[in-house]
Amino acid sequence: MMKSKTEYLTFNTLTTRAFVNITSNVRKIVEGSGIKEGLCLVNAMHITASVFINDNERGLHQDFDKWLEKLAPHAPANDQYKHNETGEDNADAHLKRQIMGREVIVAITNGKLDFGPWEQIFYGEFDGRRNKRVLVKVIGE
Amino acid sequence: MMKSKTEYLTFNTLTTRAFVNITSNVRKIVEGSGIKEGLCLVNAMHITASVFINDNERGLHQDFDKWLEKLAPHAPANDQYKHNETGEDNADAHLKRQIMGREVIVAITNGKLDFGPWEQIFYGEFDGRRNKRVLVKVIGE
Amino acid sequence: MMKSKTEYLTFNTLTTRAFVNITSNVRKIVEGSGIKEGLCLVNAMHITASVFINDNERGLHQDFDKWLEKLAPHAPANDQYKHNETGEDNADAHLKRQIMGREVIVAITNGKLDFGPWEQIFYGEFDGRRNKRVLVKVIGE
């Protein structure tokens, strides 16, 4: 019989852009689900945020931030983005999220996140300072 | 017992590049599948197209198009891309698709697409004007 | 009843950066699993490598390599990346992997990879010359 478990995490970052390590949150949900073999989906439910897997290293996160600003600069907010003519100033956040991705799928093997040695799951915020949600869904048996 | 449902959507865009909102197509398939808890895969079956989730806002789509042209310009088709020496002129489309992604996985909860407030599914075409397919597969129970 | 099958592939590329066609490896695992309807997850287990689906065309792979070097250059390793102050020289590889992606999910229909005409699965290495693993997990029935 297939089992499933769905939970929602809420984040409200202090800064407009932030990276939050959510590995232990996801691990708890997976281990609490009782599912031994399956898949775990983790996705941002907002379209100016990402969920991705990479290194838990502060310098790299600074590199990501600088790099994303180079590829999709926030400023000037009004001259370069049509989206911001709607009154928003977050067009760059929608672009950054495409580079970093919306979601990850992690294998569950023997009841655990089946990870390589350095894999960690991050919530990437590009338009923060308000409540935003991440969905975690485990299916398997 | 696990259930599954597989369907294929076909698109033939009038322009080389286009973004098409396919949320209602996917919703119909999910709701018709009778699956209450599971996962829905939506992927481009062609390698010069994307499926992604972002905002249903026309200005943002113009921003995406301009941004992708800056990151991976179409022209000049013959001087900058080895792939185009094969007689193709769509190397840029293969690159753009990597930024925007091939696929999304959406959670199905209580028989519905488990979406945040603004999430919409788009087909992103980068080499259109011919029939191209999108696969939708729902598994769960 | 849900079935699952998990296997690991190991790659040790001769060059720092490389693209390896792993479609036949994945196909063998899927066809050996006995699963007729389901999903197949293929992901890099290392955070300086990618799994992606695109064209099996050598010129395009050269285009990818040149393009990724333009978007996230390797050199100078010491002046532009905070991550490399830890003694690493692979910050660029972490960035390139975000563009190309960590994973793909492929539908399994009638016991086969449900692919469009040109879809092939690649392992993308951005910091090679040592053993690195790819996870393949099939679930379904």
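Residues numbered from 1 in each chain as written. Chains lettered and ligands numbered in written order. Predicted model: local features only at pLDDT ≥ 70, side-chain atom pairs only at ≥ 80, totals over all residues. Heavy atoms only, no water.

Caption draft 1: A look at the overall build of chain A. Secondary structure assignment for chain A yields three helices and eight strands. For chain A, the spread of C-alpha atoms along the principal axes amounts to about 55 × 30 × 20 Å. Counting over 141 residues, chain A shows a buried share of 62%. Contacts in chain A between residues far apart in sequence, at least 24 positions, make up 82% of those at least 6 positions apart. (Helix = DSSP H or I, 4+ residues; strand = E, 2+ residues; numbered from the N terminus. Buried < 20%, exposed > 50% of the residue type's maximum accessible area, 1.4 Å probe, protein only. Contact = heavy atoms within 4.5 Å.)

Caption draft 2: The interface of chain C and chain B, seen in detail. Contacts between the two partners involve 36 residues from chain C, matched on the other side by 31 residues from chain B. In total, about 2,700 Å² of surface goes out of reach between chain C and chain B, with carbon and sulfur atoms giving 59% of it. The tally of links between chain C and chain B comes to two salt bridges. Put simply, Lys137(B) and Glu37(C) hold a salt bridge, and the shortest N to O gap is 2.6 Å. (Buried area = accessible area lost by both parts, 1.4 Å probe. Salt bridge = Lys/Arg side-chain N within 4 Å of Asp/Glu carboxyl O.)

Caption draft 3: Region of the structure containing the relation of the copies chain A and chain C. Between chain A and chain C, which share one sequence, the superposing operator has a rotation angle of 120 degrees and an axial displacement of 0.0 Å; the RMSD is 0.0 Å. Read as a symmetry element, the transformation amounts to a three-fold axis. By residue overlap, the copies meet through two different surfaces: only 19% of the interface positions of chain A are interface positions in chain C. (Least-squares fit on C-alpha atoms with pLDDT ≥ 70 in both.)

Caption draft 4: The arrangement of the relation of the copies chain C and chain B in detail. The transform that puts chain C on chain B rotates by 120 degrees and translates by 0.0 Å along the axis, for an RMSD of 0.0 Å. Here only 19% of the contact residues of chain C are again contact residues in chain B; the copies associate through non-equivalent surfaces.

Caption draft 5: Layout of the packing of helix H3 (residues 91–100) of chain B against helix H2 (residues 58–71) of chain C. Two elements in contact, H3(B) and H2(C), have axes whose closest approach is 10 Å; the angle formed by their N-to-C orientations is 55 degrees. With respect to each other, H3(B) and H2(C) are oriented oblique. Our pair here, H3(B) against H2(C), has a crossing hand that is right-handed. Together, Ala91(B), His94(B), Leu95(B), Gln98(B) and Ile99(B) of H3(B) and Leu60(C), Asp63(C), Phe64(C) and Trp67(C) of H2(C) make up the contact between the two elements. Its residues assigned to classes, the contact of H3(B) with H2(C) shows six nonpolar, two polar and one charged. (Axes fitted to C-alpha atoms, helices over the stretch in contact; angles between N-to-C directions. Parallel < 35°, antiparallel > 145°, perpendicular 65-115°, else oblique. Left-handed = near helix turned anticlockwise from the far one by under 90°. Nonpolar A, V, L, I, M, F, W, Y, C, P; charged D, E, K, R; others polar.)

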